[in-house]
Amino acid sequence: MRAIEEMNGWQEAKGLSALVSTPLMVTMVVTVKWGKTELPRERAKLYEAAVDVILQLQYTPNDEARKEIVDWGGPSSEQLEWLMELAYRMHSGGKAGAAVSEEAVCRILREGGVPAEKVERFVEAVRNRGGLFEERAELFQFLHLSFQEYLAARWIVKRREAALAALEGCLTDSWWREVLLLTYGFALMDHRPFAKTYLAWLSKPRDDAEQHLSGLELTGTALLEIEAADAADKQACARQIVTVLQDPACRVSRKLRMQAGNTLGGLGDVRFREDAWGLPDEPLLGFVRIPAGTFWMGGDLTRDRLAYDDEAPQHEVYLDAYYAGRYLVTVGQWRAFVKESGYRPSDEDSLEGIANWPVISVSLFDAQAYCQWLTDKLRDWSGTPAELQDYLQRGGRVVLPSEAQWERAARGALDRRIYPWGDTFDREKTMAGADPGAVGCFAGGRSPEGLLDMVGSVWQWTRSRYRPYPYDSRDGREDEPTEDGEHYVLRGGSWLDVLRGARCSCRGGRVPSYFVDDAGFRLFLALSS
């Protein structure tokens, strides 16, 4: 069990699923541990070791009758080739190909060049012996689908470049995902030059955006599954993924966007600087200037049928210039703050998760503590951009926004749009109604000033007390928060919400000590009031 815990811990540290999570995988580990001196950490190596151990057991006769059956089926090395042929051809048949008739088995092997006499003996041996390939209810199948996937990957590697053309249409097919990932792992064991060729093929630009990003995501995941993957390869893949995710014209499914964002987090998200407490690697550290002027605040109940009563009346509000964060505060940034400051968060779970996901389970007080710490850091840091340093010296501070500042950043100043991107909800521009995921993966859902995930990711704390409209910053709603039980405004909705919560004018309210797993915050930079 200790070996299994170590293997799973290594996987999970990279943002991957546990390697040993099913009864089959536990059995494989026990089998390999029994037959080998060392347990491999990589999936392809574990499958190779399991296949080797099973074949050794299967093809080592312990009596004369068994010896006759073994020899009758053919030597293990030869049958391994036949099993690879069967695995690839059966997998090419889709889910229906996972269990096939005797006629199909014979046809596949004959078409693969196996003499008819050997085919007949092989089929008979499978019936009598079983093992990796067996007969169940008059249909032939592998011991488990994962062995079919691994042996299909092995078939691809043995055919080298000749096998790649047929795989072009498989990049977006979940049925082929494990095969494509295991192909790289086995290629590293079998023929490293082809492993490099395969990785280049997987990540090459493609005209179809879904195929292109799928190939990049598979490349990243394949690299993460390798114990000592090349750091340059990982960084190159990360940069390619970012290029696609940041293109607002790139139309790919949101499921793939989120998958790619999570893989990016495992590779090391190049959008953020490790030497700057995880802040964005941009000229202004991710801060975007919002110019002074008026905008329309609140919801218009006559044109927005989803608007709540507390969003009315819609009214004009003037704001001085300020800066808004392009991204939500990430888990990585939050960890850097806690580690360096020694701060004790309200919920230790806020430190968990993938580094490029938004931090959650933070109270308003937690968020304000981070803002004050970062204000001090940026004032003292020689790397602070001159524009921000000048603003800080004139009294600017890193703060939570007022709800007016938040809504202006989400909606822009040109119109009364309902969502950051327009008046019509588009599920492909937000993770609202889906699962949580990495920040900044929906460029098409950006606000007019280019801010990402303003809606649909996590609820975002503001410093404003929850009070009726019209908004008036001088009526006490912007006073410092206390433990008096009054509610403070959260904005933006979360992945748990859909249409209503993703609107620019939607308001929520909670006491400042409240924390939950779908609420975080965004940094703003404003002059002290």
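The structure under discussion appears in the preceding block.
Within any chain, residue numbers begin from 1 and follow the written order of that chain's sequence. pLDDT decides what is reported in this predicted model: residues at 70 or higher carry local features, side-chain atom pairs at 80 or more are listed and counted, and totals for whole chains, interfaces and linings draw on all residues regardless. Computation of side-chain values covers all heavy atoms of the structure but excludes hydrogens and water.

S.K.: Before we move on, can you summarise the overall build of the chain with the specific residues and values?
M.R.: When helices and strands are counted, the chain shows 17 helices and 12 strands. With a 1.4 Å probe rolled over the protein chains alone, any residue whose accessible area is under 20% of its type maximum counts as buried; one over 50% counts as exposed, and the rest are partly exposed. Among the 529 residues that make up the chain, the fraction classed as buried is 55%. Residue pairs at least 24 apart in sequence account for 71% of intrachain contacts in the chain once pairs closer than 6 positions are excluded. By the criteria applied, helices consist of DSSP H or I runs no shorter than four residues and strands consist of E runs no shorter than two, each listed in order from the N terminus. Any two residues whose heavy atoms approach within 4.5 Å at even a single point are treated as in contact.

S.K.: If you had to explain the side chain of D300 to someone new, which residues and values would you point to?
M.R.: Mapping D300 onto the fold places it in the loop between β4 (293–297) and β5 (315–319). If near-sequence neighbours (up to four positions away) are discounted, D300 is found in contact with Q314 and R416.

S.K.: Just give me the short version of the pattern of salt bridges, but keep the residues and values in it.
M.R.: In the sections that follow, a salt bridge refers to a side-chain nitrogen of Lys or Arg positioned within 4 Å of a carboxyl oxygen of Asp or Glu. Evaluation of the coordinates by the stated rule reveals 38 salt bridges. Where R43 meets E178, a salt bridge forms, and the shortest distance between an N and an O atom there is 2.5 Å. Of this pair, R43 sits in helix α3 (residues 43–58) while E178 is found in helix α9 (residues 177–190), placing the two residues 135 residues apart along the sequence. Using a relative accessible area of 14% as the deciding quantity, one classes R43 as buried. Exposure remark for E178: the relative accessible area of 24% places this residue in the partly exposed category. In this structure, R427 engages E428 in a salt bridge whose closest nitrogen and oxygen atoms are separated by 3.2 Å.

S.K.: Mind laying out the sheet that holds strand β6 (residues 322–328), listing which residues take part and the relevant values?
M.R.: Strands pair in a sheet through their backbones, by hydrogen bonds, and they do so in one of two ways: parallel or antiparallel. When DSSP locates at least two bridges between a pair of strands, those strands are taken to pair. Pairing is antiparallel across the open sheet formed by four strands, whose spatial order is β3-β6-β12-β7. Edge positions in the sheet fall to β3 (287–290) and β7 (396–399), since each of these pairs with one other strand and no more. Here the average twist between neighbouring strands, direction ignored, is 25°. With four bridges connecting them, β3 and β6 associate as antiparallel partners. When the bridges of β6 are listed, V288 appears paired with A324. Axis lines are fitted through C-alpha atoms, for helices just across the contact stretch, and the angle between N-to-C directions can take any value from 0 to 180 degrees.

S.K.: Lay out the environment of S214 in plain terms, naming residues and giving numbers.
M.R.: As for its placement among the helices and strands, S214 is situated in helix α11 (residues 209–224). For the pair formed by S214 and L202, sequence separation is 12 residues and the distance between their alpha carbons is 8.8 Å. Beyond its immediate sequence surroundings of up to four residues, S214 is in contact with L171, T172 and L256.

S.K.: Pulling in residues and values, what's your account of unusual backbone geometry?
M.R.: A cis amide bond links A312 with the next residue in sequence, P313, at an omega value of 0°. Within the secondary structure, P313 is located in the loop between β4 and β5. Put simply, Y469 and P470 share a cis peptide bond, and its omega is 5°. Locating P470 in the fold gives a position in the loop between β8 (459–465) and β9 (488–491). Residue A137 is not a glycine yet carries a positive backbone phi of 50°. Mapped onto the secondary structure, A137 falls in the loop between β1 (133–136) and β2 (139–142). When its relative accessible area of 77% is taken as the criterion, A137 is described as exposed. One non-glycine residue, S361, adopts positive backbone phi at about 60°. When you line up the elements, S361 lands in the loop between α14 (331–341) and α15 (364–380).

S.K.: Before we move on, can you summarise the sheet that holds strand β10 (residues 507–510) with the specific residues and values?
M.R.: Across the sheet, four strands lie side by side as β10-β9-β8-β11; this open sheet has mixed pairing. Edge positions in the sheet fall to β10 and β11 (519–520), since each has one partner strand and no second. Direction of pairing for β8 relative to β9: antiparallel, over a ladder of three bridges. Directly across from R465, in β9, lies its bridge partner Y488.

S.K.: Could you give an account of the packing of aromatic side chains, with specific residues and numbers?
M.R.: Pairing of aromatic side chains requires ring centres within 6.5 Å, counting the rings of Phe and Tyr and the six-membered ring of Trp. Pairs whose planes differ by under 30 degrees are stacked, by over 60 edge-to-face, and all others tilted. Under the counting rule described, the total for this entry stands at 28 aromatic pairs. Between W82 and F122, the ring centres sit 5.5 Å apart and the planes meet at 90°, which makes this aromatic pair edge-to-face. Linking W82 in helix α5 (residues 76–92) with F122 in helix α7 (residues 116–129), this pair joins segments that are 40 residues apart in sequence. For the pair shown, W82 and F122 are each scored as buried. With a centroid separation of 5.2 Å and 75° between ring planes, the pair formed by F337 and Y370 is classed as edge-to-face.

S.K.: Could you give an account of the nonpolar core, naming the residues involved and the relevant values?
M.R.: Side-chain atoms within 4.5 Å link the members of a nonpolar core, which is a set of buried Ala, Val, Leu, Ile, Met, Phe, Trp, Tyr and Cys residues. Counting 84 residues, the largest nonpolar core has L86, F122, F133, L167, Y184 and I241 as the members making the most contacts within it. For F133, the contacting residues outside a window of four places in its chain are L83, L86, M90, V105, F122, V126, F140, Q141 and F142. Membership of the second largest hydrophobic core comes to 63 residues, among which are L374, A404, W406 and A409.

S.K.: Talk me through the pairing of β9; I want residue IDs and the actual numbers.
M.R.: Burial along β9 is two-sided: Y488 and L490 facing one way and V489 and R491 facing the other are all buried. Bridge analysis of β9 against β10 gives four bridges, and the strand direction is antiparallel. The partner of L490 across the bridge, within β10, is G508.

S.K.: Account for the environment of Q211, with residues named and values stated.
M.R.: Mapped onto the elements, Q211 comes out in helix α11. In contact with Q211, not counting residues within four places along its chain, are E168, G169, L171, T172 and R206. A distance of 3.0 Å separates a polar side-chain atom of Q211 from the backbone oxygen of E168. Definition of a polar contact: a pair of N or O atoms within 3.5 Å, with one able to donate and the other able to accept a hydrogen when the atoms are protein atoms, and with sequence-neighbouring residues admitted only if both atoms are side-chain atoms.

S.K.: Explain the packing of helix α6 (residues 102–111) against α7 residue by residue, including any values.
M.R.: It is at 10 Å that the axes of α6 and α7 come closest, and there the two elements cross at 135°. Our classification of the angle between α6 and α7 gives oblique. When the axes of α6 and α7 are compared, the crossing they make is right-handed. Where α6 abuts α7, its residues E102, V105, C106, L109 and R110 lie against V119, F122, V123 and R127. Across the contact of α6 with α7, the residue classes break down as six nonpolar, no polar and three charged. Every angle not falling under 35 degrees, over 145, or within 65 to 115 is termed oblique; those three ranges are roughly parallel, roughly antiparallel and roughly perpendicular. Take the far helix as your reference; a near helix turned counterclockwise from it by less than a right angle gives a left-handed crossing, and one turned clockwise gives a right-handed crossing. Polar here means any residue outside two lists: the nonpolar Ala, Val, Leu, Ile, Met, Phe, Trp, Tyr, Cys and Pro, and the charged Asp, Glu, Lys and Arg; Gly therefore counts as polar.

S.K.: Describe the environment of Y469, and please don't skip the residues or the numbers.
M.R.: Relative to the helices and strands, Y469 is located in the loop between β8 and β9. Measuring from C-alpha to C-alpha, the distance between Y469 and G298 comes to 8.1 Å, with 171 residues separating the pair along the chain. Contact partners of Y469, with chain neighbours within four places excluded, come to M297, G298, D310, E311, A312, P313, H315, E403, E407, R477, R491 and R507. A polar contact of 3.3 Å, which involves the side chain of Y469, links it to the side chain of E403. Only 3.0 Å separates the side chain of Y469 from the side chain of R491, close enough to count as a polar contact.

Distances and angles like these do not, on their own, reveal function.
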